[in-house]
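Observations on chain architecture
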Amino acid sequence: LTINSATGLISGTVSGSPATYSVSLSVRDQPGLITNSSFSITVNSAVAQQLVSFTLVNAANEQDIQTLTANAVLNLATLPSQSLNIRANTSPAIVGRVVLALTGAQTVNR
């Protein structure tokens, strides 16, 4: 951690095992007066990010249609819309990013 001497802002990345750490701070000004302060910093375990499922979404009204499962076959004639999105459901709900890639043979029947 570093302390900005102009603003007093403490910043940086705390590393170490998850725990609560006690910090004591002593400051001396130009005339030599000293003040002390103490506080705690809590380091939590990193949250594991995972992909939970995929949901087929009606892009026209943003309503969920169904959860997508492995090897699912979608029949556009039976779906409420042909304007579709796929949502990746994650835990926690907000993660850095999810990348989707379409691979394999693709068939279009019209």
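Residues numbered from 1 in each chain as written. Predicted model: local features only at pLDDT ≥ 70, side-chain atom pairs only at ≥ 80, totals over all residues. Heavy atoms only, no water.

**Some words on the sheet that holds strand β7 (residues 84–91)**
With antiparallel pairing, three strands are arranged side by side in an open sheet as β6-β5-β7. Across the chains shown, the open sheet's two edge strands, defined by having one partner strand only, are β6 (63–68) and β7. In this sheet, neighbouring strand axes are inclined to one another by 35° on average, regardless of whether the strands run parallel or antiparallel. (Pairing = 2+ DSSP bridges. Helix = DSSP H or I, 4+ residues; strand = E, 2+ residues; numbered from the N terminus. Axes fitted to C-alpha atoms, helices over the stretch in contact; angles between N-to-C directions.)

**A few points about a nonpolar patch on the surface**
A contiguous nonpolar patch, built from Leu51, Ile86, Val98 and Leu100 and spanning about 350 Å² of accessible area, is present on the exposed surface. Mapping Leu51 onto the fold places it in strand β5 (residues 50–58). By relative accessible area, Leu51 is classed as partly exposed at 44%. (Patch = residues over 30% accessible without salt bridge, like charges linked within 9 Å, V, L, I, M, F, W, Y side chains within 5 Å. Areas by Shrake-Rupley, 256 points an atom, 1.4 Å probe, with all protein chains shown as cover. Salt bridge = Lys/Arg side-chain N within 4 Å of Asp/Glu carboxyl O. Buried < 20%, exposed > 50% of the residue type's maximum accessible area, 1.4 Å probe, protein only.)

**Section: the side chain of Asn89**
Structurally, Asn89 is set in strand β7. Since its relative accessible area comes to 16%, Asn89 is described here as buried. Polar side-chain contacts of Asn89 include one of 2.8 Å to the side chain of Arg87. The contact partners of Asn89, leaving out residues within four places of it in the chain, are Gln50, Leu51, Val52, Ser53, Phe54 and Thr55. (Polar contact = N/O pair within 3.5 Å; in protein donor to acceptor, adjacent residues only side chain to side chain. Contact = heavy atoms within 4.5 Å.)

**Some points on the environment of Ser38**
Among the secondary structure elements, Ser38 is positioned in strand β4 (residues 34–43). Exposure remark for Ser38: the relative accessible area of 57% places this residue in the exposed category. Linking Ser38 and Ser26, residues twelve residues apart in sequence, is a C-alpha distance of 8.8 Å.

**Thoughts on the pattern of salt bridges**
Inspection of every chain in the model, using the stated rule, returns one salt bridge. Note that Arg87 and Asp64 form a salt bridge whose closest N and O atoms lie 3.0 Å from each other. In this pair, Arg87 sits in strand β7 while Asp64 sits in strand β6, placing the two residues 23 residues apart along the sequence. Using a relative accessible area of 47% as the deciding quantity, one classes Asp64 as partly exposed.

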